[in-house]
There are 2 protein chains.
Amino acid sequence: MLLEGSCFRLAEAGARQIGRKAMAVNLSDMAAMAGQPVAAVVSVGLPRQGGRAVAEELYLGLREVADRFDTAVVGGDTNSWDGPLVISATIIGEATGGGPVRRSGALPGDWLLVTGPLGGSILGKHLAFTPRVREARELHASTQLHAMIDISDGLAADVNHICEESRCGAVLRSEAIPISEAAQSMRDGRPAVEHALTDGEDFELVFAIAPDDARKLLEAQPISGITLYHIGECVREGLWLEENQKQRRLEPGGYVHSLE
Amino acid sequence: MLLEGSCFRLAEAGARQIGRKAMAVNLSDMAAMAGQPVAAVVSVGLPRQGGRAVAEELYLGLREVADRFDTAVVGGDTNSWDGPLVISATIIGEATGGGPVRRSGALPGDWLLVTGPLGGSILGKHLAFTPRVREARELHASTQLHAMIDISDGLAADVNHICEESRCGAVLRSEAIPISEAAQSMRDGRPAVEHALTDGEDFELVFAIAPDDARKLLEAQPISGITLYHIGECVREGLWLEENQKQRRLEPGGYVHSLE
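Residues numbered from 1 in each chain as written. Chains lettered and ligands numbered in written order. Predicted model: local features only at pLDDT ≥ 70, side-chain atom pairs only at ≥ 80, totals over all residues. Heavy atoms only, no water.

Novice: Even after reading the chapter, I still don't get the relation of the copies chain A and chain B, so can you show me in this structure?
Specialist: The two chain copies are connected by a rotation around an axis plus a translation along it. Each copy of the sequence occupies a distinct position, and chain A is placed on chain B by a rotation of 180 degrees and an axial shift of 0.0 Å, giving an RMSD of 0.0 Å. What the superposition gives is, in effect, a two-fold axis relating one chain to the other. In this assembly, 100% of the residues forming the interface of chain A have copies in chain B that are likewise at the interface, indicating an isologous arrangement. (Least-squares fit on C-alpha atoms with pLDDT ≥ 70 in both. Contact = heavy atoms within 4.5 Å.)

Below you can see the structure in the form of structure tokens.
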């Protein structure tokens, strides 16, 4: 559910972009389980003033992304009201390969990989990302994925979701985390790696696999269009950041400067 | 999607009632196709002030109705914002019997039946109705339903939806339409039958079947807890109201006094 004023500003993003995002964030959830999207239902609360034009732009954006991923928009609900724009999408999909990939199968010793550089999505990527539906399916077809999630809350928070569901811990290696150009260009006084660790809405995938499988993937880089990065390992417990060969606790909510 | 201030007033209805309704309106859509509900996803935009208490009450209401219809609440999205309360539910179900019942199979000559008295739902039924899931399934198992819809927009409007999809017309017989006690108690100067024809949110079912099948159902009244009423017939074209043995055009939006 995307809510005007909270998740986006309609005047800045435009309704077509919001339509694209509403579909893409749902497709990213489908990617996180290596699912094949099939159909979507979309409900909207439209502003009374100019609602029809907004609806048309929303629909064009929705359809653009849905079409790209062979997803049919099959229904929903259309309302007008005096409140801000609201759009809620639900995607129905099918499991692929050996079934849906969950958050709960990571094992201590697994390596953690990500599908792309992270951080600074607020500069544009949060509206214009490509959900990793195809990449997830290809990974799932070729490798035994123990656990996977899409990075919507932020790398540290989402790795922590895997840890909680898998009852394990994780060490992330600061020097190994791929940092996006956007994160490097942020001029807010926070280190770029902190953006990579805590900014949400990158919509890359992070997944846990056996070290041997990871080495093969990193060597072969078999997924066209993306590079896989090895960012850390699963351990027995705790969430840790390794920096300059020292480990310190990482808060799931983000990066902590002062704990060392 | 239910929107505070447009579809309901939170202070009047209470969050639990809104939760019940969000689930029930979706189950009614499932009933309209004689589907068996299986799972629901629910997304909410909660007020920042007191949002947690609202969420808990919403959930209790949702679960109460979902449990009654063996529907699992399997996911969704939880947000807080500065806007009014928004709740959007999607139900996934399975077709029963010979497949989903659509709006598009009505034939001229079919009889139109409804599952209960109509009108005046604003006095309470719109919040406290029972979606006709069981009744629809029983009807679908025993009779060949040509077309069906749940009455959410109003009898005239929803029969018109069947007519449009089935490319036929319909005559409704004013004297045969079952009028609820609520419609009879409305004191707004409009005839009770007008309420029965145009008030929305009764969530009864109206369906088209062959006359022989209709006679058997009306005679046997086989669905426990409800009475089936014969309210009119499908014809080749137009939407008509028969009153005092005269037919006049009925506007899909509602009852028209002055056309005769």
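Novice: Can you help me understand unusual backbone geometry in this one?
Specialist: Apart from glycine, the bulk of residues carry a negative phi angle, and the bulk of peptide bonds sit in the trans form. With a phi angle near 60 degrees, Ala 34 of chain A is a residue other than glycine that sits in the positive phi range. Inspection of the secondary structure puts Ala 34 of chain A in the loop between α2 (15-32) and β2 (36-47). The phi dihedral of Asp 70 of chain B is positive, around 50 degrees, even though this residue is not glycine. (Helix = DSSP H or I, 4+ residues; strand = E, 2+ residues; numbered from the N terminus.)

Novice: Got a minute to help me understand the environment of Glu 194 of chain B in this structure?
Specialist: All names here are of chain B. In this fold, Glu 194 is placed in helix α8 (residues 192-198). Of the residues examined, Glu 194 reaches a relative accessible area of 7% and is grouped as buried. For the pair Glu 194 and Asp 212, spaced 18 residues apart in sequence, the C-alpha separation works out to 29 Å. (Buried < 20%, exposed > 50% of the residue type's maximum accessible area, 1.4 Å probe, protein only.)

Novice: Can you walk me through the sheet that holds strand β3 (residues 72-81) of chain A in this structure?
Specialist: Strand pairing in a sheet is mediated by backbone hydrogen bonds. Such pairs are either parallel or antiparallel. Residues and elements named next belong to chain A. One open sheet accounts for 4 strands, arranged β1-β4-β2-β3; its pairing is mixed. Edge positions in the sheet fall to β1 (2-3) and β3, since each has one partner strand and no second. The pairing of β2 with strand β4 (residues 86-94) spans 9 bridges and is antiparallel. Of the residues in β4, the one forming a bridge with Ala 40 is Ile 91. Most of the contacts of α2 go to β4, to which it runs at about 35 degrees, and overall it touches β1, β2, β3 and β4. (Pairing = 2+ DSSP bridges. Axes fitted to C-alpha atoms, helices over the stretch in contact; angles between N-to-C directions.)

Novice: Honestly, the sheet that holds strand β3 (residues 72-81) of chain B in this entry has me stumped. Any pointers?
Specialist: Residues and elements named next belong to chain B. The mixed open sheet is built from 4 strands, whose spatial order is β1-β4-β2-β3. In this open sheet, the two edge strands, each paired with only one partner strand, are β1 (2-3) and β3. On top of the sheet, helix α3 (residues 51-68) reaches β2 (36-47), β3 and β4 (86-94); it is set at about 165 degrees to β2, its chief contact.

Novice: Can you walk me through the side chain of Ser 88 of chain B in this structure?
Specialist: Locating Ser 88 of chain B in the fold gives a position in strand β4. Apart from residues lying up to four places away in sequence, Ser 88 of chain B is in contact with Met 1, Ser 43 and Ser 88 of chain A together with Met 1, Val 41, Val 42 and Ser 43 of chain B.

Novice: Sorry, what's going on with the interface of chain A and chain B here?
Specialist: By a widely used convention, the size of an interface equals the accessible area lost when the partners come together. Contacts between chain A and chain B engage 17 residues on the former and 17 residues on the latter. Where chain A abuts chain B, roughly 1400 Å² becomes buried across the two surfaces, and 70% of that area is made up of carbon and sulfur atoms. Summed over the three residues of chain A that lose the most area to chain B, namely Met 1, Leu 3 and Trp 81 of chain A, the buried surface amounts to 43% of that side. Our count for the contact surface shared by chain A and chain B stands at 3 residue pairs in polar contact (both at pLDDT 80 or more). When contributions to the side of chain A that touches chain B are tallied by element, the ones reaching two or more residues are β2, β3 and β4 of chain A. Residue classes in the side of chain A that touches chain B are distributed as 8 nonpolar, 7 polar and 2 charged. (Buried area = accessible area lost by both parts, 1.4 Å probe. Polar contact = N/O pair within 3.5 Å; in protein donor to acceptor, adjacent residues only side chain to side chain. Nonpolar A, V, L, I, M, F, W, Y, C, P; charged D, E, K, R; others polar.)

Novice: Explain the pattern of salt bridges here, please?
Specialist: Any two side chains of opposite charge can pair, on the condition that their charged atoms come close. All names here are of chain A. Counted by the stated rule, this structure contains 36 salt bridges over all chains. We note a salt bridge from Asp 82 to Arg 48, for which the minimum N-O separation is 2.9 Å. Linking Asp 82 in the loop between β3 and β4 with Arg 48 in the loop between β2 and α3 (51-68), this pair joins segments that are 34 residues apart in sequence. A relative accessible area of 69% places Asp 82 in the exposed class. Among the salt bridges present, the one from Arg 63 reaches Asp 67, with a minimum N-O distance of 3.1 Å. Highlighted residues: Arg 63 and Asp 67, both in helix α3, separated by 4 residues, approximately one helical turn. (Salt bridge = Lys/Arg side-chain N within 4 Å of Asp/Glu carboxyl O.)

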